[in-house]
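Architecture at a glance
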Amino acid sequence: AKNSPIFLGQGKAINDYADKDVRVLVVANPANTNCLVAAQNAPDLPKSSFSALTRLDLHRARHQIAARVGTTVANVNGVAIWGNHSKTMVPDVSLATVTLDDGKEQSVADAVNDKEWLQGEFVSTVQQRGAAVIAARGNSSATSAARAAAEHMRNVFQGTAEGEHVSMGVWSKGDYGVAKDIVFSFPVTIKDKEWKVVEGFSHDDFTKAAIAATEKELLEEKAEALKQ
């Protein structure tokens, strides 16, 4: 909440002075809600011009899967991050695949073959990785975040490849039943600098509950920020 006045001012400045085709990425935490505040204070720009970084979380999730099955990160595709860039974020492998050493593609669920790990250690490791890095190093993983930001913006301007989706915090229009008018991480495709939420995900009860929890947190953050 203490950052809200900063992003209120940033949003107004962007609204008044930036090119109307600008694309804005918010990284400073709480990134989703800071992004919301900035977007709300730029009324002359479409909400789709603003996004929050969850690409680093996506990188961490793909790395965990790759390490678990003994392959490279490049062979893991289709992972999604839902919700807030916080300890409530929801890494999701329901549509994710891994290309094995023999060239065959397999679902991550089948390749890992450990539901308890996928719903337990995998989720908690991705959720808490940022805090773990700070605890171990005394500093945040700034280089990793910078790389994630660069890849995020590359996709914004160059689009996503055919069959590829990425995750980013965007203005919710109510997809998948998520509350409207919060900045929520969804799996998206991008073309001509415009994002579109990926359809076709079907969530089990575990993931539905986790998405509801991260949505609740974002609604609480929004209410607190709007008090400023």
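One structure accompanies this document, and this report is about it. (Residues numbered from 1 in each chain as written. Predicted model: local features only at pLDDT ≥ 70, side-chain atom pairs only at ≥ 80, totals over all residues. Heavy atoms only, no water.)

Examined against the element boundaries, Ala213 turns out to sit in helix α8 (residues 205-225). Judged by relative accessible area, Ala213 falls into the partly exposed class, the value being 41%. For Ala213 and Val90, which are 123 residues apart along the polypeptide, the C-alpha to C-alpha distance reads 9.4 Å. (Helix = DSSP H or I, 4+ residues; strand = E, 2+ residues; numbered from the N terminus. Buried < 20%, exposed > 50% of the residue type's maximum accessible area, 1.4 Å probe, protein only.)

Next up on the list: helix α2 (residues 31-40). Across the ten residues that make up α2, a large majority, nine, are buried. Within the sequence span of α2, burial applies to Ala31, Asn32, Thr33, Asn34, Cys35, Leu36, Val37, Ala38 and Ala39.

By size, the foremost hydrophobic cluster in this structure holds 21 residues, and its most contacted members are Trp82, Phe184, Phe186, Val188 and Ile190. Elements with a minimum of two residues in this core: β4 (80-82), α7 (142-158), β8 (166-171), β9 (183-191), β10 (194-197) and α8. (Core = buried A, V, L, I, M, F, W, Y, C linked by side-chain atoms within 4.5 Å.)

A few words now on the sheet that holds strand β7 (residues 105-107). The strand order β3-β6-β7 describes an open sheet built from three strands, whose pairing is antiparallel. Looking at strand neighbours, the two that pair on one side only are β3 (76-77) and β7, the edges of this open sheet. With three bridges connecting them, strand β6 (residues 97-99) and β7 associate as antiparallel partners. In the strand pairing of β7, Thr99 is matched with Glu105. (Pairing = 2+ DSSP bridges.)

Moving on, we come to unusual backbone geometry. Geometrically, the link from Asn29 to Pro30 is a cis peptide bond, its omega value of 0 degrees lying close to zero. Look at Tyr176: it is not a glycine, yet its phi comes out positive at around 60 degrees. Mapping Tyr176 onto the fold places it in the loop between β8 and β9. For Tyr176, a relative accessible area of 33% translates into the label partly exposed.

The next thing to look at is the packing of helix α1 (residues 4-17) against α2. The interhelical angle for the contact between α1 and α2, taken along N-to-C directions, is 40 degrees, at an axis separation of 7 Å. Relative to α2, α1 is oriented oblique. In the crossing of α1 with α2, the sense of the turn from one axis to the other is right-handed. Touching Ser4, Phe7, Leu8 and Gly11 of α1 are Asn34, Val37 and Ala38, all from α2. (Axes fitted to C-alpha atoms, helices over the stretch in contact; angles between N-to-C directions. Parallel < 35°, antiparallel > 145°, perpendicular 65-115°, else oblique. Left-handed = near helix turned anticlockwise from the far one by under 90°. Contact = heavy atoms within 4.5 Å.)

Okay, the packing of aromatic side chains next. Evaluation of the coordinates by the stated rule reveals six aromatic pairs. Seen from their ring centres, Trp82 and Tyr176 are 5.0 Å apart, and the 80 degrees between their planes marks the pair as edge-to-face. You can see Trp82 sitting in strand β4 and its partner Tyr176 sitting in the loop between β8 and β9, a full 94 residues away along the chain. Ring centres of Phe184 and Phe186 lie 5.0 Å apart, and the angle between their planes is 45 degrees; this geometry places the pair in the tilted category. Phe184 gets classed as buried once you look at its relative accessible area, which sits at 0%. A residue is classified by how much of its surface remains accessible, and Phe186, at 1% relative accessible area, is buried. An aromatic cluster is built from Trp82, Tyr176, Phe184, Phe186 and Phe201, whose rings are joined through pairwise contacts. Residue placement shows Lys47 over the ring face of Trp171; its charged tip is 5.3 Å from the ring centre. Against the face of Trp195 rests Lys173, its NZ or CZ located 4.9 Å from the ring centre. (Phe/Tyr/Trp six-rings, centres within 6.5 Å; stacked < 30°, edge-to-face > 60°. Lys NZ or Arg CZ within 6 Å of the ring centre and 35° of its normal.)

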